[in-house]
Amino acid sequence: MKRCRVGVIGLGFVGMAHIDALRRLPGVEVAAVCAPVGAQEIAERYHVPFWCEDWEELLAQETLDAVHICTPNHLHYPIAKAAIERSLAVVCEKPFTRTVEEARELAALAKERGNGNMVNFHNRFYPMTHRLRTLCLGGELGEVISVDGAYLQDWLLYQTDYSWRLSKEQSGCTRTVADIGSHWLDLAEYVTGKRITGVMAQFKTWYPVRKRAKGELATFAKAGPDTGYVEEPVETEDLASVLLRFEGGAVGSACFSQMCAGRKNSLRLQVSGTKQSAQWELERPDQLELGRREGGNLLLQKDPSDCDRETAELISYPAGHGEGFPGAFTDVR
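Throughout what follows, the structure given in this document is the object of discussion. Here the structure is a predicted model, which is why all the values come from computation and not from measurement.

Conventions adopted
- Residues numbered from 1 in each chain as written.
- Predicted model: local features only at pLDDT ≥ 70, side-chain atom pairs only at ≥ 80, totals over all residues.
- Heavy atoms only, no water.
- Pairing = 2+ DSSP bridges.
- Helix = DSSP H or I, 4+ residues; strand = E, 2+ residues; numbered from the N terminus.
- Axes fitted to C-alpha atoms, helices over the stretch in contact; angles between N-to-C directions.
- Salt bridge = Lys/Arg side-chain N within 4 Å of Asp/Glu carboxyl O.
- Buried < 20%, exposed > 50% of the residue type's maximum accessible area, 1.4 Å probe, protein only.

## Thoughts on the sheet that holds strand 1 (residues 4-9)
Okay, step 1: As summarised here, the arrangement of the six strands in space is 3-2-1-4-5-6, forming an open sheet in which the pairing is parallel. Each end of this open sheet is capped by a strand with a single partner; those strands are strand 3 (50-52) and strand 6 (117-119). Across the sheet, the axes of successive neighbouring strands diverge by a mean angle of 20°, strand direction being ignored.
Okay, step 2: Of the strand pairs in this sheet, strand 2 (residues 28-34) and strand 3 are connected by three bridges, and their pairing is parallel. Considered in strand 3, the bridge of Cys34 is made with Cys52.

Structural data, given as structure tokens:
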């Protein structure tokens, strides 16, 4: 079988997660990596045969079959377009582009070329979100009445917290909704099988000016007490409240914030139906709570022997073993 040779562009927090996932897949080789800084070190550490600092140089490698785009948002469109024109399959971090016009252009180009292309909405593939989808589509919740929840983080709570994600030039005209809200919105559509047809929202930029630490900080990192600061205007939203309308008449509401103290990566999604409700939380991914009016609520655990066949196929480890189980092996010191 021919090995699929993949190039990864962008080697920050998410880029390294892509490399880890790719290295676990049979028949896949991480053949090239690219980043302005640190690419050589990563290549040597993981025995990747090719590294570079310029993404155009990586795409020029004629032996690649696919590329994973894990860069800041403003680079997604030019890299994806160049990759599609070279007939490479593309896996891109969200948002696919910063404008609707760019997204439509790339979608049409990919369809014309017949390329495999996707945006990495990975929360679809937790076993228990798939089970929630099975329950919704199978009618076990009844007719969907409402979809509610939140995606909350606290890593931008302080005025001295800063990242490239706050820059409109790099991130786009929306930040919190595009960065984490998009995951919730995609998951809501995926589990219910219903498209969102109407939106009303309020965006709020709590700090119109933030203090950026001198020098570079990684995502989620904090500046030290002796760091100097530069004031930076902020035009992207820190939080948003959203009302939704779904196909079939269901309604929804969600709050997205990167300024909610104590919430590190808290995605919560609840689907309420005419028979039952169901709630899934990202920080407890192996559980799914079913709410019932009578008979008491149920807590479903990830268990390949106690679920439908399609969900069981997504489960990598036995009941009681989290899907991140092998991380305890790779993180030994």
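## What to know about the pattern of salt bridges
Okay, step 1: Following the criterion strictly, the structure yields 16 salt bridges and no others.
Okay, step 2: With a closest N to O distance of 3.0 Å, Lys81 and Glu105 form a salt bridge. A residue pair is termed long-range when its members are at least 10 positions apart, and Lys81 in helix 4 (residues 76-85) and Glu105 in helix 5 (residues 100-113) qualify at 24 residues.
Okay, step 3: A relative accessible area of 26% places Lys81 in the partly exposed class.
Okay, step 4: For Glu105, a relative accessible area of 33% gives the class partly exposed.
Okay, step 5: In this structure, Asp238 engages Arg210 in a salt bridge whose closest nitrogen and oxygen atoms are separated by 2.9 Å. Highlighted residues: Asp238 in the loop between strand 10 (229-233) and strand 11 (239-246) and Arg210 in strand 9 (residues 209-213), separated in sequence by 28 residues.

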